[in-house]
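Survey of secondary and tertiary structure
This is what each chain is made of:
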Amino acid sequence: MRKTYYLFNPGRLSRKDNTLQYTAYDEQGLPGQVKYLPVEDVADLYVFGSLDANSSLYNFLGKQGISVHFFDYYEHYTGSFMAKEYLLAGKLQVQQTQHYTSKAKRIALARKFVEGSAFNLLKNLRYYQGRGRDVAPHIDQIEGYVAALSFATAVPELMGLEGNIRQTYYGAFDRLVPADYAFGTRTTQPPQNELNALMSFGNMLCYSACLSQIYHTQLNPTISFLHEPGTRRFSLALDLAEIFKPLLVDRLIFRVLNKKEIRPSDFVQDLGRCVLKESARKTVVRVFEERLKETIQHRSLKRNVSYQHLIKLECYKLTKHLMQMEEYKPFKAWW
């Protein structure tokens, strides 16, 4: 099975025959440690430092179906190199476009994404409520917003409700993590404190994981339903990420902070923003990868499936809905 590789240091990527060669630069910018990556083992590359590579190398990656996702120094996702969209199907793309342009069809799908997201984050809160954390007021308030979803008549209304749900949810974080961390308000560009920095980094990993799974289906990643399609972004991945962030990102945050795998000393304030140190980013990536590979007993399939495969299954469910084969029902955690 192909794997995802993470490149944290500035370096150079080249190839020899069917092997990728990644040469990391040292602090003086000189070639240092070399890592060899057999092409048949590589599914994606996540690049967190500057990368030197020529067009010949990218042509080779494209032919091998290897995607490259880029993040800047401040852990912001900046873009992806995606191999040729070899699975796109004309009939599905027509249906996907029609579901976007039809107000009724679009809002029906957009509502499903918000419902799935709200259900999964409520699952997180109820877990901690059962362990003595006082989050009942947050649960009650979110349930009120969820009840209002069916009355929304436009996507901006749904986005407003989704924002209220998230804001209420984040308000409970101070009761779920150690006292060393105060959430305050959600800040993204730039994140102002440790929790926001950790959340932004995790969300970008989740977005990229969703994009990778979309790419291996016939869906067009640029045509979305909850988030507005825009230039230079794969907005369908943002839609799917709403469902999986509570499971893949938020639970990761609760784990690494409560188990002290990440500590306050793992963050640094730099030019008015808070960022993770490289060692902490590696820890988050390791835990995120472990989570993607973790399996659960699927209720319908009656077999164990990984969280990574759950994302692909969500793509298949969306495809069936667009092709009018089966109504889309968002993934809702049962554990």
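Look up a bit, the structure's there.
Residues numbered from 1 in each chain as written. Predicted model: local features only at pLDDT ≥ 70, side-chain atom pairs only at ≥ 80, totals over all residues. Heavy atoms only, no water.

1. Let's talk about the overall build of the chain
Looking only at helices and strands, the chain features nine helices and 12 strands. Scaling as 2.2 N^0.38, a compact globule of 335 residues should have a C-alpha radius of gyration of about 20 Å, and the chain matches this with 20 Å. Over its C-alpha atoms, taken along the principal directions, the chain stretches across nearly 60 × 55 × 40 Å. Within the chain, counting contacts between residues at least 6 apart in sequence, those at least 24 apart form 62% of the total. When the accessible surface of the chain is totalled, it reaches about 15700 Å², and 50% of it is carbon and sulfur. (Helix = DSSP H or I, 4+ residues; strand = E, 2+ residues; numbered from the N terminus. Rg over C-alpha atoms; globule rule 2.2 N^0.38 Å. Contact = heavy atoms within 4.5 Å. Areas by Shrake-Rupley, 256 points an atom, 1.4 Å probe, with all protein chains shown as cover.)

2. Let's talk about the sheet that holds strand β6 (residues 51-52)
Reading across the sheet, the four strands line up as β4-β3-β2-β6 and stay open at both edges, with mixed pairing between neighbours. Two strands close off the open sheet at either side, each with one partner strand: β4 (31-38) and β6. Pairing geometry for strand β2 (residues 11-16) and β6, over two bridges, is parallel. Note that in β6 the partner of G11 across the bridge is L51. Sheet strands in contact with helix α1 (residues 55-63) are β2, β3 (19-25) and β6, and its direction is about 65 degrees off that of β2. (Pairing = 2+ DSSP bridges. Axes fitted to C-alpha atoms, helices over the stretch in contact; angles between N-to-C directions.)

3. A few points about the pairing of strand β9 (residues 267-270)
Bridge count for β9 against strand β10 (residues 273-276) is four bridges, and the pairing is antiparallel. From the neighbouring strand, Q269 faces β10, where its bridge partner is C274. Counted between consecutive antiparallel strands, the loop separating β9 from β10 contains two residues, among which L271 sits at a positive phi close to 55 degrees.

4. Overview of the sheet that holds strand β7 (residues 67-71)
Across the sheet, four strands lie side by side as β1-β5-β7-β8; this open sheet has mixed pairing. With one partner strand each, in any of the chains shown, β1 (3-7) and β8 (77-81) form the two edges of the open sheet. Between one strand axis and the next, the sheet turns through 20 degrees on average, direction left out of account. In this sheet, strand β5 (residues 42-47) lies alongside β1 in parallel orientation, the contact comprising five bridges. Residue pairing for β5: T4 is matched across the bridge by D44.

5. Focus: helix α9 (residues 307-322)
The end-to-end C-alpha distance of α9 is 23 Å, a good match for the 22 Å that 16 residues give at a rise of 1.5 Å each. When we look at burial in α9, the residues that qualify are Y307, L310, I311, K312, L313, E314, C315, L318, T319, H321 and L322. Among the residues trailing α9, Q324 stands out with phi positive, at a value near 60 degrees. (Expected span 1.5 Å × (residues − 1). Buried < 20%, exposed > 50% of the residue type's maximum accessible area, 1.4 Å probe, protein only.)

6. Quick word on the packing of helix α6 (residues 194-215) against helix α7 (residues 235-258)
The contact between α6 and α7 brings their axes to 8 Å, and the two run at 135 degrees. Between α6 and α7, the angle falls in the class oblique. In the crossing of α6 with α7, the sense of the turn from one axis to the other is right-handed. Partitioned by chemical class, the residues of the contact of α6 with α7 number 19 nonpolar, two polar and two charged. (Parallel < 35°, antiparallel > 145°, perpendicular 65-115°, else oblique. Left-handed = near helix turned anticlockwise from the far one by under 90°. Nonpolar A, V, L, I, M, F, W, Y, C, P; charged D, E, K, R; others polar.)

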